[in-house]
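Examining the three-dimensional arrangement
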Amino acid sequence: MRILVTGAAGFIGMHVVQRLLQRGDEVVALDNLNDYYDVALKEARLAQIAEHPRFSFQRLDLADRQGIERLFAEQRPERVVHLAAQAGVRYSLDHPHVYAEANVAGFLNVLEGCRHHDVQHLVYASSSSVYGANTQMPFSVADRTDRPVSLYGATKKANELMAHAYCHLFGFPATGLRFFTVYGPWGRPDMALMLFTRAIVQGRPIDVFNHGQMKRDFTYIDDIVEGVVRVLDRPAAPEQPDGAPHRVYNIGNHQPVALLDMIQVLERELGREAEKNMLPMAAGDVPETYADVGALAEAVGFSPDTPIEVGIARFVEWYREYYGLGP
């Protein structure tokens, strides 16, 4: 099967591409390799997959309407895994237009490609950030998601609404996956685990927001990939009252871990104690995330379950190999 994967040089994208190639799919990939974070890391990820005979790559920006139109017309993907986006809650405070271009206009271009080229199934990345100011735990896909507390979360909710409209109007199936705090080898440098690790290795203090009174549903990358692939293989049926073949699932470890407990596990793996700067809550952040994954488990027979101790141990092993003693 020919599958288009956007954001292939990204953290989740690289791992998804590896899995698809391993099982025999042909992967057409795109990424714009922007400098939101270290481009060398993105290039190193690509190097893990670039030589595979069933892999092809195009450097292309999602907001390039004509470029995306050509890509769909020339490559004719049967299914699409759309992972490319401008990520980060805090970055959106100062760079709002980047989010509109990549996450809204870019997603529209992908939807148009799926509409006009008979794509069998679109699986796209949403986020736990859509839950915004919700306080009822665990977060359920049936909960309200109309109170975002970050522009990033608002763009991801916009993606869900846009996808539903296109599925209703044009009949192709799409599934949104609300990712919960994904971590693991090859992770993004702007995520807490990477920031903490680098600071601890270098002997610098770490910034701990909300004075450490936070919990996250940390989800290991291998579990995310398993969920993505299983969902991709099961196109959405017209289950909604209006007949739209669109659905949304949470994909999280459904076992929230206190931030200070996560730091303690990391300290143990690194063999060093962190000096901590206790800070107030950052703008756009939330104190806790917790995924109800019942709908995902019912639909595809899988829910994430990697313990934080196992996941961090694997991450630290990779970090030592990739960075040595640290950049």
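Structural notes, computed from the coordinates. (Residues numbered from 1 in each chain as written. Predicted model: local features only at pLDDT ≥ 70, side-chain atom pairs only at ≥ 80, totals over all residues. Heavy atoms only, no water.)

1. A closer look at the overall build of the chain
A count of helices and strands for the chain gives ten helices and 13 strands. For 327 residues, the compact-globule estimate of 2.2 N^0.38 gives 20 Å, and the chain sits close to it at 19 Å. Principal axes of the C-alpha set define a box for the chain whose edges measure 55 × 45 × 40 Å. A buried classification covers 54% of the 327 residues belonging to the chain. A separation threshold of at least 6 residues defines the contact pool for the chain, and within that pool the share at least 24 residues apart is 82%. Here the chain has roughly 13,800 Å² of accessible surface; of this, 49% comes from carbon and sulfur atoms. Considering the chain, the positive charge centre built from 31 side chains and the negative charge centre built from 41 side chains are found 1 Å apart. (Helix = DSSP H or I, 4+ residues; strand = E, 2+ residues; numbered from the N terminus. Rg over C-alpha atoms; globule rule 2.2 N^0.38 Å. Buried < 20%, exposed > 50% of the residue type's maximum accessible area, 1.4 Å probe, protein only. Contact = heavy atoms within 4.5 Å. Areas by Shrake-Rupley, 256 points an atom, 1.4 Å probe, with all protein chains shown as cover. Lys, Arg positive; Asp, Glu negative; His and termini not counted. Charge placed at Lys NZ, Arg CZ, Asp CG, Glu CD.)

2. Points about empty space enclosed by the protein
In total, this model carries one cavity of 30 Å³ or more according to the counting rule given. By volume, the largest cavity amounts to about 40 Å³. If you go around the largest cavity, the residues you meet are V182, Y183, G184, G187, R188, M191, L193, M194 and F315. Elements represented by at least two residues in the lining of the largest cavity include exactly β7 (182–183) and α6 (192–202). In terms of residue class, the lining of the largest cavity is made up of six nonpolar, two polar and one charged. (1 Å grid on protein atoms, 1.4 Å probe; cavity = no way out; pocket = protein on both sides within 12 Å on 5 of 7 lines; lining within 4 Å. Points joined across faces, edges and corners; volume = space filled by probe spheres on them. Nonpolar A, V, L, I, M, F, W, Y, C, P; charged D, E, K, R; others polar.)

3. As for the packing of aromatic side chains
Here the structure, examined in full by the defined rule, presents 20 aromatic pairs. Arranged with centres 6.0 Å apart and planes meeting at 45 degrees, the rings of F315 and Y319 form a pair that is tilted. Here F315 pairs with Y319, and both are found in helix α10 (residues 308–323), just four residues apart, close to one helical turn. Owing to a relative accessible area of 1%, F315 belongs among the buried residues under this scheme. Residue class for Y319 comes out buried when judged on its relative accessible area of 1%. Here a set of aromatic residues connected by ring pairs shows up, and it is made of W186, F315, W318, Y319, Y322 and Y323. It is K42 that lies over the ring of Y37; its NZ or CZ is 4.6 Å from the centre. When the ring centre of Y323 is taken as origin, the NZ or CZ atom of R198, which lies over that ring, is 5.7 Å away. (Phe/Tyr/Trp six-rings, centres within 6.5 Å; stacked < 30°, edge-to-face > 60°. Lys NZ or Arg CZ within 6 Å of the ring centre and 35° of its normal.)

4. Remarks on the packing of α6 against helix α8 (residues 259–270)
Relative orientation of the contacting elements α6 and α8 amounts to 45 degrees, with a least axis distance of 11 Å. For the element pair α6 / α8, the angle class is oblique. Crossing hand, α6 versus α8: right-handed. Within the contact between the two elements, α6 uses L193, F196, T197, I200 and V201 and α8 uses L259, M262, I263, L266, E267 and L270. Taken together, the residues of the contact of α6 with α8 break down into nine nonpolar, one polar and one charged. (Axes fitted to C-alpha atoms, helices over the stretch in contact; angles between N-to-C directions. Parallel < 35°, antiparallel > 145°, perpendicular 65-115°, else oblique. Left-handed = near helix turned anticlockwise from the far one by under 90°.)

5. A word on the packing of α8 against α10
Running from amino to carboxyl end, α8 crosses α10 at an angle of 45 degrees, the nearest separation of the two axes being 10 Å. Compared by their axis directions, α8 and α10 come out oblique. Crossing geometry of α8 relative to α10 is assigned as right-handed. The segment α8 lies against α10, with M262, V265, L266, R268, E269 and L270 engaging I308, E309, I312, A313, V316 and R320. Counted by class, the contact of α8 with α10 contains eight nonpolar, no polar and four charged residues.

Scope: geometric values only; no functional claims are made or implied.
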